[in-house]
Amino acid sequence: MPNLLDTLQANRVVPLIQANKPETALKISEALIEGGLDVLEVVLRTEAAMDCLEAIAKSFPHAHVGAGTVLSAEQSKQVIERGASFIVSPGLDAMSVDVAQNANIPILPGISTATELQQAWNMGIKTVKLFPASLVGGPKMAQALSSVFQDVRFMPTGGVNPANLNEYLSVPAVLACGGSWLTPVDRIEAGDYAAITALAKDAKKIAQNK
Ligand code: 3PG
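Participant: Help me understand the site of the ligand, please; the structure alone is not making it clear to me.
Facilitator: The immediate surroundings of the ligand are formed by Leu-16, Arg-45, Lys-129, Phe-131, Thr-157, Gly-158, Gly-159, Gly-179 and Ser-180. Here Lys-129 contributes a side-chain N or O atom positioned 2.5 Å from an oxygen atom of the ligand. In this structure, Ser-180 approaches the ligand through a side-chain N or O atom, which is 2.5 Å from an oxygen atom. Of the residues contributing to the shell around the ligand, the split by class is two nonpolar, five polar and two charged.

Pasting the structure below:
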């Protein structure tokens, strides 16, 4: 399997998966993979999130299945045990970074200032989540930070959508964008998984036209 960074560079978008039961999470994953996306982030925002993560990681061994909204070292350990191949967190937590690095699992901590990015950089992190991207300056913020932190790649998340995706992906330092726009709750509740495949395909089209 190609490494995470190469796959992120190919996909350029990372869908968030939030589900109340593994069956639903598997259907969402299937729809996204059919749409050409094989980096999936399962967010720890439901009681079933850990079970969803494990089910997806087992069912789709050729995808990169990671955990998002990871808030602590304890949660970092748990998601690794459940099969996460990468970790995303909303902020920068040194103990979570430590757990991931000791396990050799990529971690993308959230940063929203130069100070946080400098702290992450000094922990050896070269790929970060810019969060919440649209509120902290959007593509211009990624561009500005990258002029100083020249070896850092960004995954802006928070407020990314099909209307601004192109602008984010036009910033050379932006590796990929994350977001929930690819997995709308109303489509999931309606069982309209074809809509999710269509959103994934649309996002890939925007990315490929770059
Ligand atoms: C996250 O979990 O990273 C953000 O909540 C995603 O933000 P979005 O819902 O605006 O995509």
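The rest of the description comes next.
Participant: I'm lost on the pairing of strand E5 (residues 107-111) in this one. Help?
Facilitator: Side chains on a regular strand alternate between the two faces of the sheet. By the criterion of burial, E5 is predominantly enclosed, with five of the five residues buried. Burial along E5 is two-sided: the residues Ile-107, Pro-109 and Ile-111 and Leu-108 and Gly-110 are all buried. Summarising the sheet, strand E4 (residues 87-89) and E5 pair through three bridges and their orientation is parallel. In the sheet register, Val-88 faces E5, and the bridge partner there is Leu-108. Crossover E4 to E5 through helix H5 (residues 94-102) is right-handed. Where E5 and strand E6 (residues 127-130) come together, two bridges link them in parallel fashion. Across the sheet, residue Gly-110 finds its bridge partner in E6, namely Lys-129. Considered for its hand, the β-α-β crossover made up of E5, helix H6 (residues 114-122) and E6 is right-handed.

Participant: I tried to follow the nonpolar core on my own but got confused; where do I start?
Facilitator: Soluble globular proteins tend to bury their nonpolar side chains together. Counting residues in hydrophobic clusters, the biggest one holds 59 residues, and the most contacted among them are Leu-32, Val-79 and Phe-154. Looking at this core element by element, the count peaks at six residues for helix H3 (residues 49-59). Ignoring any residue separated from it by four or fewer positions in sequence, one finds Leu-32 in contact with Pro-15, Ile-17, Leu-37, Leu-40, Leu-182, Thr-183, Ile-196 and Ala-200. With ten residues, the next largest nonpolar core counts Leu-4, Val-14, Val-88 and Ala-176 among its residues.

Procedures and definitions
- Residues numbered from 1 in each chain as written.
- Predicted model: local features only at pLDDT ≥ 70, side-chain atom pairs only at ≥ 80, totals over all residues.
- Heavy atoms only, no water.
- Near = heavy atom within 4 Å.
- Polar contact = N/O pair within 3.5 Å; in protein donor to acceptor, adjacent residues only side chain to side chain.
- Nonpolar A, V, L, I, M, F, W, Y, C, P; charged D, E, K, R; others polar.
- Buried < 20%, exposed > 50% of the residue type's maximum accessible area, 1.4 Å probe, protein only.
- Helix = DSSP H or I, 4+ residues; strand = E, 2+ residues; numbered from the N terminus.
- Pairing = 2+ DSSP bridges.
- Right-handed = clockwise from strand over helix to strand, strands pointing away.
- Core = buried A, V, L, I, M, F, W, Y, C linked by side-chain atoms within 4.5 Å.
- Contact = heavy atoms within 4.5 Å.

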